[in-house]
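Analysis of the macromolecular model
So the chains spell out like this:
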Amino acid sequence: MSSSYQRARTGRHRAPSTGDRLRALLADPGRRLPLPVVALVAAASVSGCATTGATTADPAHGAQAVAPDAAPSGALPAAPGISRTVTTADPASATGTHLPGLGPKTSARIPANARQVVLVTGQDKNSSRSHVVLYRWTASGWEGGATWQAHNAFKGWTTDHHLGDLRSPIGVFTLSDAGGLLPDPGSKLPYTRSGGFAVGGTGFGGEPLAGSFDYVVAIDYNRVRGTSPLDWTRPQGADKGGGIWLHVDHGGPTHACVSLSQGHMRQLLRTLDPTLHPVIVMGDAASLAE
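Residues numbered from 1 in each chain as written. Predicted model: local features only at pLDDT ≥ 70, side-chain atom pairs only at ≥ 80, totals over all residues. Heavy atoms only, no water.

**What about the confidence of the model for the protein?**
Counting all residues, the mean pLDDT for the protein is 77, and 67% of those residues have values of 70 or more. Contacts of residues 1–47 to residues separated by more than four positions or lying in other chains number 82 contacts, the stretch itself having pLDDT below 50. Segment residues 50–95: pLDDT under 50, and 200 contacts once partners within four positions in sequence are set aside and those in other chains are kept. (pLDDT = per-residue confidence, 0-100. Contact = heavy atoms within 4.5 Å.)

So this is what it looks like as structure tokens:
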């Protein structure tokens, strides 16, 4: 198996991050490392997306939100696994000049040049269950596709996300960079393939996490756009968290990410087009309706 550093070089991004280089050292079974280096990698592997007990890649930690995020509240227990099949198109996905379920405050945060919107609607402020619809602007207005079932963070949503709060940030964020453990499936976004996306351990419900980062799209919350999702830079500071991705669902809640079936992630990677300035609009239904 090639090292994470070697794999990262096969992506279309600039040079690998420090994290990639450290993980590349650990990936070489013939190399003996001093304890401080091992400790550094272990500390750096705390991910915004990884769940309890995981040995994970360290997703990006930085901030490029189109709209600010904000304040946590209560929690629900872990949700059961989600369906891996595409449902029929949601009636609310019909073509129109306004995205369904969005109030004037949320709609105003969508950039004028955005022609693709990934709309993630949570069931409740404290729920880890949500659904996703991909919209594209056409001559007739916004046209939505099928509704995909998804998971978000264990405790639900917040407008003031902080590291470890187990809530997904509410807001509108650009989508600029992608990657994964598996080869590029035909992504139009810059795609970094790296062993750094390997993950193990179990999730909140004891479900295995292996394969969760086979495909990821970095959500531009507290990260630097134009870098690998593995980049650790956090412009707003470590306390604001980061490493928040769209990634492959493992059958349970996330730390802060949004997860979809592998097939839907592959479809998303092949559809999101940087020339259409894609964004993700995410939050619980009540918050998005504001």
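**What about the side chain of Ser187?**
Among the structural elements, Ser187 can be located in the loop between β6 (171–180) and β7 (191–193). A distance of 2.9 Å separates a polar atom in the side chain of Ser187 from the backbone oxygen of Leu189. (Helix = DSSP H or I, 4+ residues; strand = E, 2+ residues; numbered from the N terminus. Polar contact = N/O pair within 3.5 Å; in protein donor to acceptor, adjacent residues only side chain to side chain.)

**A closer look at the pairing of strand β11 (residues 279–284)**
Of all six residues in β11, six are buried; the element is thus mostly enclosed. Of the strand pairs in this sheet, strand β1 (residues 116–122) and β11 are connected by six bridges, and their pairing is parallel. Bridge assignment links Val117 to a residue of β11, and that residue is Val279. In this structure, β6 lies alongside β11, joined through four bridges in antiparallel fashion. Bridge pairing in β11 links Thr174 to Val279. (Buried < 20%, exposed > 50% of the residue type's maximum accessible area, 1.4 Å probe, protein only. Pairing = 2+ DSSP bridges.)

**What to know about the packing of aromatic side chains**
Each aromatic ring pair is specified by the distance between its two centres and by the angle formed by the two planes. Under the defined criterion, the tally for this structure stands at five aromatic pairs. Consider the rings of Phe197 and Trp245, whose centres lie 5.6 Å apart with planes at 55 degrees: the pair is tilted. Highlighted residues: Phe197 in the loop between β7 and β8 (216–219) and Trp245 in strand β9 (residues 245–248), separated in sequence by 48 residues. When its relative accessible area of 0% is taken as the criterion, Trp245 is described as buried. (Phe/Tyr/Trp six-rings, centres within 6.5 Å; stacked < 30°, edge-to-face > 60°.)

**Comments concerning the nonpolar core**
Counting 29 residues, the largest nonpolar core has Val118, Val217, Ile219, Leu246, Leu268 and Ile280 as its most contacted members. Once you skip the residues sitting within four places of it in the chain, Val118 turns out to touch Val132, Val133, Leu134, Leu175, Leu268, Leu272, Val279, Ile280 and Val281. Leu102, Val117, Trp142 and Val172 belong to the second-largest nonpolar core, a separate cluster that totals 13 residues. (Core = buried A, V, L, I, M, F, W, Y, C linked by side-chain atoms within 4.5 Å.)

**What to know about the environment of Thr271**
Within the secondary structure, Thr271 sits in helix α5 (residues 262–271). Residues Thr271 and Leu189, 82 residues apart in the sequence, show an inter-C-alpha distance of 9.1 Å. The contact partners of Thr271, leaving out residues within four places of it in the chain, are Gln116, Leu134 and Lys188.

**Considerations on the pairing of β6**
Judged by how many residues are buried, β6 sits mostly within the fold: 10 of 10 residues are covered. As paired strands, β6 and β7 are joined by three bridges and run parallel to one another. Its bridge partner being in β7, Gly180 is matched across the sheet by Arg193.

**Focus on the environment of Lys155**
Checked against the element boundaries, Lys155 lands in the loop between β3 (141–151) and β4 (157–158). Taking relative accessible area as the criterion, Lys155 reaches 29% and is therefore assigned partly exposed. Along the sequence, Lys155 and Ser128 sit 27 residues apart, while their C-alpha atoms lie 6.3 Å from each other.

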